[in-house]
Structure formats: structure tokens, C-alpha cells
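Understanding the architecture of this molecule
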Amino acid sequence: MIAVLQRVTAGKVKIDNRIVGDIDKGLVILLGVHCDDKEEDVIFLVHKIIGLRIFNDNYGKMNISLKDADGSVLVISQFTLCGDWRKGRRPNFTKAADPDKGKLLYDRFIDAIRNKDINVETGEFGAAMDVSLINSGPVTFVLDSHDR
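A few points on the structure. (Residues numbered from 1 in each chain as written. Predicted model: local features only at pLDDT ≥ 70, side-chain atom pairs only at ≥ 80, totals over all residues. Heavy atoms only, no water.)

Digging into the overall build of the protein chain
What the protein chain contains, in helices and strands, is two helices and eight strands. Of the regular secondary structure in the protein chain, the N- to C-terminal order runs β-β-β-α-β-β-β-α-β-β. Scaling as 2.2 N^0.38, a compact globule of 148 residues should have a C-alpha radius of gyration of about 15 Å, and the protein chain matches this with 15 Å. In terms of overall dimensions, the protein chain has a C-alpha envelope of 45 × 40 × 30 Å along the principal axes. Looking at the protein chain as a whole, 42% of its 148 residues qualify as buried. Considering only contacts within the protein chain whose residues lie at least 6 apart along the sequence, 74% involve residues at least 24 apart. By element, 48% of the accessible surface of the protein chain is carried by carbon and sulfur atoms, the whole surface being about 8,600 Å². (Helix = DSSP H or I, 4+ residues; strand = E, 2+ residues; numbered from the N terminus. Rg over C-alpha atoms; globule rule 2.2 N^0.38 Å. Buried < 20%, exposed > 50% of the residue type's maximum accessible area, 1.4 Å probe, protein only. Contact = heavy atoms within 4.5 Å. Areas by Shrake-Rupley, 256 points an atom, 1.4 Å probe, with all protein chains shown as cover.)

Comments concerning the pattern of salt bridges
Once the charged atoms of two side chains with opposite charge are near each other, the side chains can pair. Applying the stated criterion to the full structure yields four salt bridges. We note a salt bridge from Glu39 to Arg108, for which the minimum N-O separation is 2.7 Å. Pair noted here: Glu39 is in helix H1 (residues 39–51) and Arg108 is in helix H2 (residues 99–114), with a separation of 69 residues, a long-range link. Note on Glu39: relative accessible area 33%, which makes it partly exposed. A salt bridge links Arg148 to Asp41; the nearest nitrogen and oxygen atoms lie 2.8 Å apart. Of the two residues, Arg148 sits in the segment after strand S8 (130–144) while Asp41 sits in helix H1, which places them 107 residues apart along the sequence. (Salt bridge = Lys/Arg side-chain N within 4 Å of Asp/Glu carboxyl O.)

Here we look at the nonpolar core
Counting 28 residues, the largest nonpolar core has Met1, Ile29, Ile49, Val75, Phe109 and Ile113 as its most contacted members. Elements with a minimum of two residues in this core: strand S1 (2–15), strand S3 (26–32), H1, strand S4 (53–56), strand S6 (72–77) and H2. The element best represented in this core is H2, accounting for six residues. Apart from the residues within four sequence positions on either side, Ile113 is in contact with Ile29, Val46, Ile50, Val73, Ile118 and Val120. Counting ten residues, the second-largest nonpolar core is a separate cluster that includes Val13, Ile15, Val28 and Leu74. (Core = buried A, V, L, I, M, F, W, Y, C linked by side-chain atoms within 4.5 Å.)

Here it is in C-alpha cells:
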């Protein structure tokens with residue numbers, strides 16, 4: 001499972017010009033699910049994300065977690081994160097989870113963050129979405145549950 005975290009001052013997702021998710025300070029998380037991901041990948045990433053100290057303290061140092069910063073999360077499904085681009089010019093997506101498994105683990109990821117008392121907004125799994133954000137810092141991290 002791959003999660004691209006972007007620390008933001010604002011994030012929004014639209015489907016057909018309709019806002020479906022909108023946050024202020026927090027994280028926009030682009031989430032890709034691999035075909036071999038399991039529940040333990042969800043648990044690992046959520047635990048890691050919630051505990052990462054990537055928000056600035058009063059001295060401008062990244063020393064505060066999402067929860068301590070009272071941040072929100074906007075989770076967007078993005079299977080293209082699982083694309084293999086190494087051969088040829090067209091990425092293949094054979095390592096991405098099938099839609100049923102992808103949606104199941106995407107929903108579990110969202111529920112696991114909500115269970116940590118974090119405000120969560122989402123896009124719509126499998127939909128074409130327009131995502132906008134203001135990256136604060138900029139601060140961006142790529143977490144892969146396979147790289148533990």
C-alpha cells in the first residue's frame with residue numbers, strides 16, 4: 001500500500017464540479033492499494049501516519065503529529081501509484097489491487113483513521129476527480145507499507 005502524504009493548509013476534491021471533500025489544515029493522502037496488500041498494511045500505515053511528527057511547533061520545527069495539530073485528512077484513492085513504469089512508455093497496473101479489494105482496503109483505511117478521532121473527508125473510489133490543494137512547506141512524504 002502506498003500513501004503520498006501532502007501537508008496542506010487546504011485541500012478539496014470535486015466530482016463533476018461538485019465538492020465532495022474539503023479540509024483546512026491537515027493532510028491530503030493519495031492512496032494506492034497493491035494486489036498483495038492486507039489488513040496489516042492498513043494498520044501499519046495508519047499507525048505511522050497518525051504518529052508522524054510533520055507539523056510545525058511554535059519554533060518552526062516539524063515536531064507535532066496530525067492529531068496534536070488538530071488536523072484533518074482528505075483521502076483520495078489513486079491506483080496509478082501502483083503503476084509499473086520501468087518497461088516501455090505505457091505503465092502497467094498489474095500490481096494494483098482489483099477494484100473490489102482496492103475499495104475494501106481503501107474503506108478500511110478511512111475507518112481506521114476515523115477511529116483515531118481524526119476528521120476525515122474523502123473522494124469517491126474509482127471516480128474521476130479534480131483534486132486541489134495548497135501544500136504547506138512544501139512537505140510531501142511517500143510511504144510504502146512494503147518498505148518496513
